[in-house]
Structure formats: C-alpha cells, structure tokens
Amino acid sequence: MEKLIVTGEVQLTGNIRISGAKNATLPIMAATLLCSGVSVLHDVPHLSDIKAMQDILELLGAKITRDGSAVIIDTSGVSKQEIPEHLMREMRASVFLMGPLLGKFRKVRVSYPGGCAIGPRPIDLHIKALEKLGAKICESFGYIEAEAGQLTGAEIHFDFPSVGATENAMMAAVLAKGTSVIRNAAREPEIIDLQDFLNKMGAKIRGAGTDTIRIDGVQKLYPTEHIIMPDRIQAGTFLIAGAITRGDIAVENIQPEYLFSVTNKLEELGATIATSTDSIRIKAGELRGGDIKTLPFPGFPTDLQAPILSLLTVAKGTSIVTETIFENRFKHVDELTRMGARIKVEGRTAIIRGVPRMTGAVVAAPDLRAGGALVLAALAAQGVSEIEQVYHIDRGYEQLELKLQSLGARIIRSK
Ligand code: EPZ
C-alpha cells in the first residue's frame, strides 16, 4: 500500500498552477452522453475519480482517449443504459449518469452510488426531481430503474440545495418537452460550468449560480469543446498549506471570486492575502483561532473543512468548527489527535484548542479531504509523518506530492 512520507517544519514558498476541477469534470463527462459524437474537454486532472467515470462511459459504449490534460469522448457508440454495481460503488458521482441516460435514452438502471464515507449519501432529492420530470422509478434488489416515455418540463423545488441533484435535474431536463424551473438550486460554481457546457451543446439554460435555474427543452444536443474551470478546492488546500507552514504561496489560474469565503476566513485567522484577476497570494503571520461553519456556496465550502481544521490545531486560542452539510465529516480528528492536536467532537461541532506544535506520526487517510488535511498537518509538524491509504487522496488531488515538492516540501510517495 502506497504512503506519503513527510518531514515537517518546512516553509512552503513559490507559485502553483491550479488544474481543472474534479467536481466540474465529473458531471460534464456524464453530460457528453446527451449527444452523439466527439466532445473534447481540456484541463482535465489525472485523478482516480475521473478514471472511474471514464471506465463507466466506456462500459456504456463510449470511446475515450487522453491527450495530456485533454479528454476526447466519442459517444456515437453508446448503446447501454445499465451500470454494474462495482462501478457504481466506486464513487458518488456515478449518480450523475441517471439524468443524461434518462434524458437521452429514456431509461437507466443503476445501483446505489458509492463515495466517501462522510455520512449517508441518500439520493432522494435526485429521485424526486426525475419523477417530477415524468420518470417512473422503481427500486429493488439494490438497483434503481428509471423509465420515461417522454420527459416533460416541470417545476422542481429542492428541500436542500443539493449539488448533485441540481446537476442531475439539469441534465434530465435539457431534452425534455417544455420548460423546467429548478428552485432552491445549488449555487456552486461547478454548476455554472455545467450550464456553460450544456449551452455549448445547444441547450437553453439560464440561472446557474443562482437559486433558480430555467431550462427550455430542445430536440437535440451536439458534441462540443470545453475548458474545465479551475479547482477551487485544490486552490484552497494550497492556500491553507501556505498558512500552516507560515510560508508564502501564490495559486495561479484560478477564479478568486469563488474563494472569497476562504480568503476572508484566512485573513481573519491572521494570514495576509493579495488577490489579482487570476491568482491569490498568501503570506502567513501569527495564526489565531476562529470559528468556521460550512454552508452551501457561497458559504464556507465543506470540502475545505478538514484542511482548515488542520490549520486551527496550531493556531493560538480556541476554535469551533461546525459541519452543516455532511453528518460524519470529522474522521480526520482522530488522526490529528495522534499528531498532538487537542480536539473535542460533539455531533456536528468540533472544538479545537490550539497547540504550539504538532509532532509527526503514522496516520491513515480516512477519506479524500481528510487525507488532504493530514498532509497539511504533517507539513507543519515536528519530525516525520507517514500518511497511509493514499488512494483516498489520489481521488481528488492530482500529484499532490509533486506539487508540494515544487513549493519546497519534503514529501515523497513510497510503495
Ligand atoms: C458534491 O457532492 C461534491 N461531489 C462533494 O465533494 C461536495 O462536498 C458536495 O457536493 C457539497 O458541496 C461532487 O461534485 C462529485 P450534495 P453531492 O448532494 O452532490 C444530502 C469532494 O470531496 N443529500 O450537495 O453528493 C447529502 O446527504 C466531494 O470532492 C440528500 O439528503 O453533495 C449531504 O448531507 C465530497 N439527498 C447534503 O445533502 C439527496 O438526494 C449535500 O449533498 C442528495 C443529497
């Protein structure tokens, strides 16, 4: 089993170019099923979740090739609408296939999706949206079958602004007969990127990024070319790496407006931030504690809760972190405690008492973002840390150790 070996207490300095966003790429790859032909996606990161989506599309009959950071997807041979359980279990994003397969082929058969163990990952909001559009859905033997003679435009109101359910509803509605309106839609930037891609295919969507998205159904969609938006979570993780190592880092090729909740919080914790049109530079001062509450966009992103909690373990004073999005997203706490952190978890709240210094330890990544958080803690800790179960980290951070090495980190991957 691969592990990352980190020698801490090195100030990171330098510039890092941020690659395309995993959470924009996955729904957009699924959306290529809505047309027949060759689409080209640029700036696609090399991640195991992307490879898992590629495996699913190929199993359905698509032909996919990679050319550096470009992915070429030919969907003209797609003939299947069923995804086997072992592929569905590999990641949560497999649920994104329901919308496009239903939209294009009027039927789909999938098992319940997998994904990080950060809490129950129900898909009731996805199912309700697809039923509103006219799908007949039956769930039995661990599989979900959906069929629709004709999808018709509908008013869809989400009880919770679910990112995936919003994306699934958009992809099912674009070929429906008539207009759909999605209310209490998620406002994450990745949804704007999906809207841009679908509109380039010939869809008629507006409102992504707000809580109301309108979709006028069209007859047909066409293949297109698209540059995936930069990964705001990757960018936030590197900014926190600069803060926790008291370094001086600039993240480039980003959209700073999508990171305001993160940079404002880092300034509150004592960092100095300089923002330009497509980059953010962070210089760390004396870190002080603060309170974090994760919220749907534009609130503080849940995917940066674990990374910033690592920062708070070595900030002066007491901090409180409240995780409102997922039920069980504090799995990094036990591992950080092994490195000397002083944290108490009560339900969805963690209380952190800052310590002057953490010490290296052998820890195991319990999920993707918790894994990122452990790497950040190890970069600041005294001595050597070993981070096991690196496969979790590889799901969402492209060549993390190489990028950190380019900033001066002493980190290697060992087999
Ligand atoms: C997306 O997951 C992201 N994944 C997650 O990133 C991210 O943490 C999350 O959005 C929130 O921003 C991808 O885009 C591939 P949700 P998703 O539906 O769509 C509940 C990462 O680390 N819910 O907004 O699954 C759900 O249980 C990953 O990159 C229902 O109850 O998130 C959760 O508590 C982790 N019923 C909350 O909503 C539903 O039908 C948010 O889920 C759907 C969701």
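Treat the numbers as computed from the prediction; the structure is a model and nothing was measured. (Residues numbered from 1 in each chain as written. Predicted model: local features only at pLDDT ≥ 70, side-chain atom pairs only at ≥ 80, totals over all residues. Heavy atoms only, no water.)

## A few points about the packing of aromatic side chains
Phase 1: Summed over the entire model, instances satisfying the criterion amount to one aromatic pair.
Phase 2: Taking the centre distance of 6.1 Å and the plane angle of 75 degrees together, the rings of Tyr-258 and Phe-297 count as edge-to-face. Note that Tyr-258 is positioned in the loop between β14 (248-252) and α9 (260-268) and Phe-297 in the loop between β17 (291-293) and α10 (305-313), a separation of 39 residues in sequence.
Phase 3: We classify Tyr-258 as buried; its relative accessible area is 18%.
Phase 4: With relative accessibility at 16%, the residue Phe-297 sits in the buried group.
Phase 5: Of note, Arg-109 hangs over the ring of Tyr-143, and the distance from its end group to the ring centre comes to 4.0 Å. (Phe/Tyr/Trp six-rings, centres within 6.5 Å; stacked < 30°, edge-to-face > 60°. Helix = DSSP H or I, 4+ residues; strand = E, 2+ residues; numbered from the N terminus. Buried < 20%, exposed > 50% of the residue type's maximum accessible area, 1.4 Å probe, protein only. Lys NZ or Arg CZ within 6 Å of the ring centre and 35° of its normal.)

## Describing α9
Phase 1: Listed in full, the buried residues belonging to α9 are Val-262, Thr-263, Lys-265 and Leu-266. Seen end-on, α9 carries its buried residues on one side only, within an arc spanning 160 degrees.
Phase 2: Close packing links the buried residues of α9 with α8 (232-244), β15 (271-275), β16 (279-284), β17 and α10.
Phase 3: Looking one or two places after α9, you find Gly-270, whose phi comes out positive at around 115 degrees. (Arc of directions from axis to C-beta. Contact = heavy atoms within 4.5 Å.)

## A short note on the site of the ligand
Phase 1: Around the ligand, 23 residues are found, and the nearest of them are Asp-124, Leu-125, Ser-162, Asp-303 and Ile-325.
Phase 2: Asn-23 has a polar side-chain atom sitting 3.0 Å from an oxygen atom of the ligand.
Phase 3: A distance of 2.6 Å separates an oxygen atom of the ligand from a polar backbone atom of Ile-325.
Phase 4: Taking 830 Å² as the accessible area of the ligand by itself, protein coverage stands at 89%. (Near = heavy atom within 4 Å. Polar contact = N/O pair within 3.5 Å; in protein donor to acceptor, adjacent residues only side chain to side chain. Areas by Shrake-Rupley, 256 points an atom, 1.4 Å probe, with all protein chains shown as cover.)

## Digging into the sheet that holds strand β6 (residues 107-111)
Sheet strands pair by backbone hydrogen bonding; their relative direction is either parallel or antiparallel.
Phase 1: Strand order in the open sheet formed by three strands is β6-β8-β7, and the pairing between neighbours is antiparallel. Lying at the two open borders of the sheet, with one neighbouring strand each, are β6 and β7 (136-140). For this sheet, the mean angle separating the axes of adjacent strands, direction not counted, is 15 degrees.
Phase 2: Of the pairings in the sheet, the one linking β7 to strand β8 (residues 143-147) comprises five bridges and is antiparallel in character. If you follow Ser-140 over to β8, its bridge partner there is Tyr-143.
Phase 3: Against the sheet, helix α4 (residues 98-105) makes contact with β6 and β8, and its axis sits at roughly 155 degrees relative to β6, the strand it touches most. (Pairing = 2+ DSSP bridges. Axes fitted to C-alpha atoms, helices over the stretch in contact; angles between N-to-C directions.)

## Let's talk about the side chain of Thr-237
Phase 1: Here Thr-237 lies in helix α8.
Phase 2: A polar atom in the side chain of Thr-237 sits 3.0 Å from the side chain of Tyr-397.
Phase 3: The residues touching Thr-237, leaving out its near neighbours within four places in the chain, are Leu-304, Pro-307, Leu-376 and Tyr-397.

## Here's the deal with the packing of helix α1 (residues 22-31) against helix α2 (residues 48-60)
Phase 1: For the pair α1 and α2, interaxial distance at closest approach is 10 Å and the crossing angle is 5 degrees. The orientation of α1 relative to α2 falls into the category roughly parallel. For the pair α1 and α2, contact is made by Lys-22, Thr-25, Leu-26, Met-29 and Ala-30 and by Asp-49, Ile-50, Met-53, Gln-54 and Leu-57, respectively.
Phase 2: Looking at the contact of α1 with α2 residue by residue, the classes come out as six nonpolar, two polar and two charged. (Parallel < 35°, antiparallel > 145°, perpendicular 65-115°, else oblique. Nonpolar A, V, L, I, M, F, W, Y, C, P; charged D, E, K, R; others polar.)

## Thoughts on the nonpolar core
Phase 1: Grouped together as the largest cluster of nonpolar side chains are 80 residues, with contacts concentrated most on Leu-97 and Leu-198.
Phase 2: Leave out the neighbours within four places in its chain, and Leu-97 touches Ala-30, Leu-33, Met-53, Ile-56, Leu-57, Leu-60, Ile-83 and Val-108.
Phase 3: By size, the runner-up hydrophobic cluster in this structure holds 66 residues, among which are Ile-240, Leu-269, Ile-273 and Ile-393. (Core = buried A, V, L, I, M, F, W, Y, C linked by side-chain atoms within 4.5 Å.)

## Concerning the sheet that holds strand β9 (residues 155-157)
Phase 1: Here four strands make up an open sheet; going across it, the order is β9-β10-β12-β11 and the pairing mixed. The open sheet terminates on both sides in strands that have one partner only, identified here as β9 and β11 (204-206). Mean inter-strand twist for the sheet, computed between neighbouring axes without regard to direction, equals 15 degrees.
Phase 2: Here β11 pairs with strand β12 (residues 212-216) via three bridges, running antiparallel. Among the inter-strand pairings, Arg-206 is bridged to a residue of β12, identified as Arg-214.

## Observations concerning the domain arrangement of the chain
Phase 1: Domain boundaries in the chain define domain 1 (3-19 + 230-414) and domain 2 (22-227).
Phase 2: When each unit is reduced to the centre of its C-alpha atoms, the spacing between domain 1 and domain 2 is 30 Å.
Phase 3: Counting residues at the interface gives 25 residues for domain 1, matched by 24 residues for domain 2.
Phase 4: Buried surface at the junction of domain 1 and domain 2, summed over both partners, amounts to about 2,000 Å²; 53% is from carbon and sulfur atoms. (Domains from an automatic or database assignment. Buried area = accessible area lost by both parts, 1.4 Å probe.)

## Considering the pairing of strand β20 (residues 349-353)
Phase 1: The side-chain alternation of β20 yields one buried face, formed by Ala-350 and Ile-352, and one unburied face, formed by Thr-349, Ile-351 and Arg-353.
Phase 2: For strand β18 (residues 318-322) and β20, the ladder comprises five bridges, and the chain directions are antiparallel. From the neighbouring strand, Ser-319 faces β20, where its bridge partner is Ile-352.
Phase 3: Counting the residues in the hairpin turn of strand β19 (residues 342-346) and β20 gives two residues, including Gly-347, whose phi is positive at 65 degrees.

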